[in-house]
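Descriptive analysis of the structure
In case you want the letters, here they are:
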Amino acid sequence: MMNAFDQPQTILVLGGRSDIAHAIVRELASPGLNTVVLAQRGDGSVEIDGLAESVSVHSVSFDATDHATHEAFVAQVVAEHGDLDIVVQAFGQLGADDVNTDPQRAADLVDVNVTGAVSSGLAVAAQLRTQGHGVLVVLSSVAGVRTRPSNFVYGATKAGQDAFATGLGHALAGSGARVLTVRPGFVRSAMTDGMDEAPFACDPSDVAEAVASGLRGRRSVVWAPGVLRYVFTVLRVVPGFVWRKLDR
């Protein structure tokens, strides 16, 4: 449970290798933080730099596509570490180069980014509702606000995740649990290494600061950087021929 200063004591990260998630954990770290559980695909341990020695970091195996195991996975984490104060849903893929034309690769991307997000999100939400407290932080993307021709399958998956997260937040109203949907733009991270930067590019630390601010303000949606909220207010409604030119 959050301590008297509204600081998390236990954080679970789904997608434990995420640079953005690591930055969020560091940003939220306080003297009250006791336990961080990093759930990632495959075996092996993961570390987060910059945490106090008093923080216990645990690496556990988690597969976003093994939907049938998600409820039991959350229950096991709770049994071992207690109530969940913050859960960061940070897993996701960009997809292969041919994801916009290959049906199977597109379906595989949907399975991770959408189906996995829904399955694990519902499992987490059930636990938070039972606790009567806690926040699910969902790393969405501005790519889902309006899908670009060059990455429309990825954008469609983030749109699905975003719609699920915002809807779940409404469904949890009054339960004591809540959802924070995070809409970053281009983030300089291991996932985007080697890619050309988009306008308003930011670092994982910028996303982390937006998340911390959103949690303090009990907001339901944050953008990183914040200016993208206003940029996409315009981009949502520009004519299609303009939108296509902007994607070149």
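1. Re the pairing of strand E1 (residues 10–14)
In terms of residue burial, E1 counts as a mostly covered element, since 5 of its 5 residues are buried. Residues of E1 alternate between two faces, with Thr-10, Leu-12 and Leu-14 on one and Ile-11 and Val-13 on the opposite face, all of them buried. Pairing of E1 with strand E2 (residues 35–40) involves 5 bridges; the strand directions are parallel. Within E2, the position partnered with Ile-11 by the bridge is Val-36. Following the chain from E1 across helix H1 (residues 19–28) to the adjacent parallel E2, one finds a crossover that is right-handed. As defined by bridge partners, E1 adjoins strand E4 (residues 86–89) across 4 bridges and the pair is classed as parallel. Of the residues in E4, the one forming a bridge with Leu-14 is Gln-89.

2. What about the packing of H1 against helix H5 (residues 204–216)?
Two elements in contact, H1 and H5, have axes whose closest approach is 8 Å; the angle formed by their N-to-C orientations is 50 degrees. Of the possible angle classes, the one that applies to H1 and H5 is oblique. As H1 runs across H5, the sense of the crossing is right-handed. Contact residues: Asp-19, Ile-20, Ala-23, Ile-24, Glu-27 and Leu-28 in H1; Pro-204, Ser-205, Val-207, Ala-208, Glu-209, Val-211, Ala-212 and Leu-215 in H5. Per-class residue counts for the contact of H1 with H5 are 10 nonpolar, 1 polar and 3 charged.

What counts as what
Residues numbered from 1 in each chain as written. Predicted model: local features only at pLDDT ≥ 70, side-chain atom pairs only at ≥ 80, totals over all residues. Heavy atoms only, no water. Buried < 20%, exposed > 50% of the residue type's maximum accessible area, 1.4 Å probe, protein only. Helix = DSSP H or I, 4+ residues; strand = E, 2+ residues; numbered from the N terminus. Pairing = 2+ DSSP bridges. Right-handed = clockwise from strand over helix to strand, strands pointing away. Axes fitted to C-alpha atoms, helices over the stretch in contact; angles between N-to-C directions. Parallel < 35°, antiparallel > 145°, perpendicular 65-115°, else oblique. Left-handed = near helix turned anticlockwise from the far one by under 90°. Contact = heavy atoms within 4.5 Å. Nonpolar A, V, L, I, M, F, W, Y, C, P; charged D, E, K, R; others polar.

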